Amino acid sequence: MAEHNQVQGGVPMTMIQALRSGLDVMMGRDDNVIVYGEDVGYFGGVFRVTEGLQAKYGKTRCFDAPINESGIVATAIGMAAYGLKPVVEIQFADYFYPATDQIVSEAARLRHRSAGDFSAPMVIRMPCGGGIYGGQTHSQSPEAFFTHVCGLRTVMPSNPYDAKGLLISSIECEDPVIFLEPKRLYNGPFDGHHDKPVVPWSKHDMGRVPEGYYNVPLDKAVVFRPGKAVTVLAYGTMVWVAEAAAREAGVDAEIIDLRSLWPLDLDTILESVKKTGRCVVVHEATRTSGFGAELTALVQEHCFYHLEAPIERVTGWDTPYPHAQEWAYFPGPARVAEALKRAVEA
Amino acid sequence: MTPHTALRLHVPEPTGRPGCKTDFSYLSVSPAGSVRRPPPDTAPADTADLATSLVRVLDDDGKAQGPWAPAMHPERMRRGLRAMMKTRIFDARMLLAQRQKKLSFYMQCLGEEAIAVAHSMALQDGDMCFPTYRQQGLLLARDDVSMAEMICQLMSNEADPIKGRQLPVMYSYKRAGFFSISGNLGTQVPQAVGWAMASAIKGDTKIASAWIGDGSTAESDFHTALTFAHVYRAPVIINVVNNQWAISTFQAIAGGEGTTFAQRGVGVGIASLRVDGNDFLAVYAASQWAAERARSNCGPTLIEWETYRAGPHSTSDDPSKYRPADDWQRFPLGDPIERLKQHLIVIGEWSEAQHEAAHKELEAEVMAAQKEAERHGSLLDGRVPSAATMFDDVYKDMPEHLRRQRQQMGV
């Protein structure tokens, strides 16, 4: 099982700063890394991830794109086929739908359909998840759309250290990578208690990030919190929500932060579930045909005779993400805690 | 209050249908040599008239006329003629092979040969075309792509360079500047713009050439491509092949009625030309103009090529169900091969006897290539690439889950 690197040194960074640092390091190392998207150039992005990159690297390396997600991805495919390494931003994950054909039918399959003659290695960054009163068009977690597509890698970090290391690995990867950034974690480890102030990353261990180059491998999960009673499979914001739920419910849960959703580090998952015999899957996205369905199926296929309780799923409801009622929608620590108790008591 | 007239929905129709001749007066045709040729660095807005008129060089007597007539050595013209003939013969042989079930499917470019062939001759090595399925002429005009290998792709056999993964005609030839063809129409046009942007970002000298049919210009990808090409002044040529038909749908349904596809370009700030696509010399001249423009940092050009899809859309189509059988014979722009042949004969650089001899030679070449390809099998004998190879190239390196699935398949 992979364990989190103990960061010696490093400087305090928010997830935004860590992502920016990752882009900066890679743009500095490789002239072929090109960054663009809506509001990404002069202004530096609506979440400020690309701030300062145009001033540092010039406007042919970091620039604004028209409001056209399909065009952003399509031009990135052309650039990648030429030999560049585009890292493009979709301003909100909720906006990727116009680019679906270019992602699913083109970027993901170019290598296969041409038997390796052409390929489209690129990173498509997109902030995802709710909890900022973004309503139904600024809150979605569309990861299952991507994990369903062969040829794509789908990644979602839960902290600044992983965010930078995974972004660097994604830029170095030869496959197209969907890089989902839980925007509720941009400034601190949000645990679902929306009525309490969030600890800033500057006061958290995982907010210490080396300034230079390092990477975190793709398709390697990490045991975020060791435990014996039940395995929790989570990623992004839900890692922190699950951690709060386990602590508050007094359940000795082993929380696995998947980090890479697909390809998946199945071995780490199976090892844990075989040990605990119980499993709770948590995600913020809607429930039906969500990525949790795949995780649940895999666990029962491989661990059926080790299971001592039904696998639980805690997810967003099967409704659009509501604006005023978002905390009723969000699968917070209370809902996760109930599932943990059901799983250990079954 | 006066009552309003009841509203009526307009659904465009072609003038011709089976049993009813097409009135080709809808196609505005300028006399050969009558359209002006501005310098390639002209401002996009100043090409407005060129987006409605029709650039033509060859007149009805086979003479080259006007400012667009290119200074082209007769040897190059003969090369072009041979490439067009080769393309037509290749298509005819492959149609036959499809009927013999050696191919699952085929798409010919009958009547449109001049566009890809002459355009290819105006490009340089290293430039990248992003074609549709009807630009086989781009490959057949080159002498560095083996016909036998192309036929292996068509037959999905053991020597298919893309391992049986795609429908016949969906070639991929990076080394020949031919981007992998997608069956999803129009997606390649904004990709070509991205490729061209990359060339400009790197300070390279290469340009991209994107291809799309009249029907697919209705896709949002086309409009996306125009916007990005204009915004970043990308070194790209956007070719709209208006062959009048998208399967059974007349070009008016894609938005060609009362306007031209070339005018889309002017509207977004792209220099645009409307050109006789069956006139080899006009295609070469306009392609060269656009390529020079792109290579001089003057940005993109949109060219609408007027032509006619003489054959069915594909081997799965029957045009006698939706258009007059003799439409091509009555199409005002004629047959591109006949027109260049006539020109070469008029200038004393070709003869009927030479034409006949070239035809026989090319037929033998295509037959030999097919024979060579069939040595590697075909769909008929089931000698296709091993099923295990379907798991390769999904990712750069095969992940564990695919390794397991390959094992599960038992090969």
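Quick caveat: nothing in here was measured; it's all calculated off a predicted structure. Position labels on residues start from 1 in each chain and follow its written sequence. Going through the entries in the order they are written, you letter the chains from A and number the ligands from 1. In keeping with the model being predicted, local features are shown solely for residues with a pLDDT of at least 70 and side-chain atom pairs are shown and tallied solely at 80 or more, while totals for entire chains, interfaces and linings include all residues.

(A) Spotlight on the overall build of chain A. Across its full length, chain A holds 12 helices and 14 strands. The C-alpha radius of gyration of chain A comes to 19 Å, within 12% of the 20 Å expected for a compact globule of 346 residues. C-alpha atoms of chain A, sized along the principal axes, occupy 60 × 45 × 40 Å. The exposure label follows from counting other C-beta atoms within 10 Å of a residue's C-beta, where the C-beta atoms are placed from the backbone and the thresholds are 20 or more for buried and 12 or fewer for exposed, leaving partly exposed in between. Looking at chain A as a whole, 61% of its 346 residues qualify as buried. Across chain A, the fraction of contacts at a sequence separation of at least 24, relative to all contacts at a separation of at least 6, is 77%. A run of H or I in DSSP counts as a helix once it spans at least four residues, and a run of E counts as a strand once it spans at least two, with each numbered from the N terminus. This radius of gyration counts C-alpha atoms alone. The globule rule is 2.2 Å times how many residues there are, raised to the power 0.38. Note on contacts: each residue gets a C-beta atom placed from the backbone, and two residues are in contact if those atoms are within 7 Å.

(B) Region of interest: the overall build of chain B. Within chain B one finds 12 helices and 7 strands. Taking the principal axes of the C-alpha coordinates as reference, chain B spans close to 70 × 65 × 55 Å. In chain B, once contacts between residues fewer than 6 apart in sequence are set aside, the share between residues at least 24 apart is 78%.

(C) Molecular detail of the interface of chain A and chain B. Residue-level contacts link 35 residues of chain A with 35 residues of chain B. If you list the elements that add at least two residues to the side of chain A that touches chain B, you get helix H3 (69-82), helix H4 (100-107) and helix H5 (110-113) of chain A. Residue contributions to the side of chain A that touches chain B peak at 10 residues, all from H3(A).

(D) The arrangement of the domain arrangement of chain A in detail. All names here are of chain A. Partitioning chain A into structural domains gives domain 1 (12-209) and domain 2 (222-345). Each of domain 1 and domain 2 has a C-alpha centre, and the two are 25 Å apart. Sorting the residues of the side of domain 1 that touches domain 2 by element identifies helix H6 (143-147), strand S6 (153-155), helix H7 (160-172) and strand S7 (177-182) as the ones contributing at least two each. Split into classes, the residues belonging to the side of domain 1 that touches domain 2 amount to 11 nonpolar, 14 polar and 5 charged. For the domains described, the bounds stem from an automatic or database domain assignment. All residues other than Ala, Val, Leu, Ile, Met, Phe, Trp, Tyr, Cys, Pro, Asp, Glu, Lys and Arg, Gly among them, are scored as polar; the first ten of these are nonpolar and the last four charged.

(E) Spatial organisation of unusual backbone geometry. Between A:Trp262 and A:Pro263 the backbone carries a cis peptide bond, its omega angle lying at -10°. Mapped onto the elements, A:Pro263 comes out in the loop between strand S12 (260-262) and helix H9 (266-276). Its identity is not glycine, yet A:Asp219 carries a phi of approximately 45°, on the positive side. Tracing the backbone shows A:Asp219 in the loop between strand S8 (208-209) and strand S9 (222-225). The phi torsion at B:Lys101 lies on the positive side, around 70°, for a residue other than glycine. Along the chain, B:Lys101 turns up in the loop between helix H1 (74-99) and helix H2 (113-122). Here B:Lys101 falls in the exposed class, since 10 other C-beta atoms lie within 10 Å of it.

(F) Up close: the UniProt feature "domain: Transketolase-like pyrimidine-binding" (unreviewed entry) in chain A. UniProt positions are given in the numbering used here, feature names are shortened, and annotations may be inferred rather than shown by experiment. Here the UniProt-annotated "domain: Transketolase-like pyrimidine-binding" (unreviewed entry) positions come out as residues 13-188 of chain A. Measuring from the first to the last C-alpha atom of residues 13-188 of chain A gives 10 Å, for a span that is 36% helix and 16% strand.

(G) Structural context of helix H4 (residues 147-155) of chain B. Residue and element names in this part refer to chain B. Among all positions in H4, only Met150, Ile151, Cys152, Gln153, Leu154 and Met155 are buried. Structurally, H4 contributes buried residues whose contacts are with H1, helix H3 (136-140) and helix H11 (352-374). Within two residues after H4, serine 156 carries a phi angle of roughly 50°, on the positive side.

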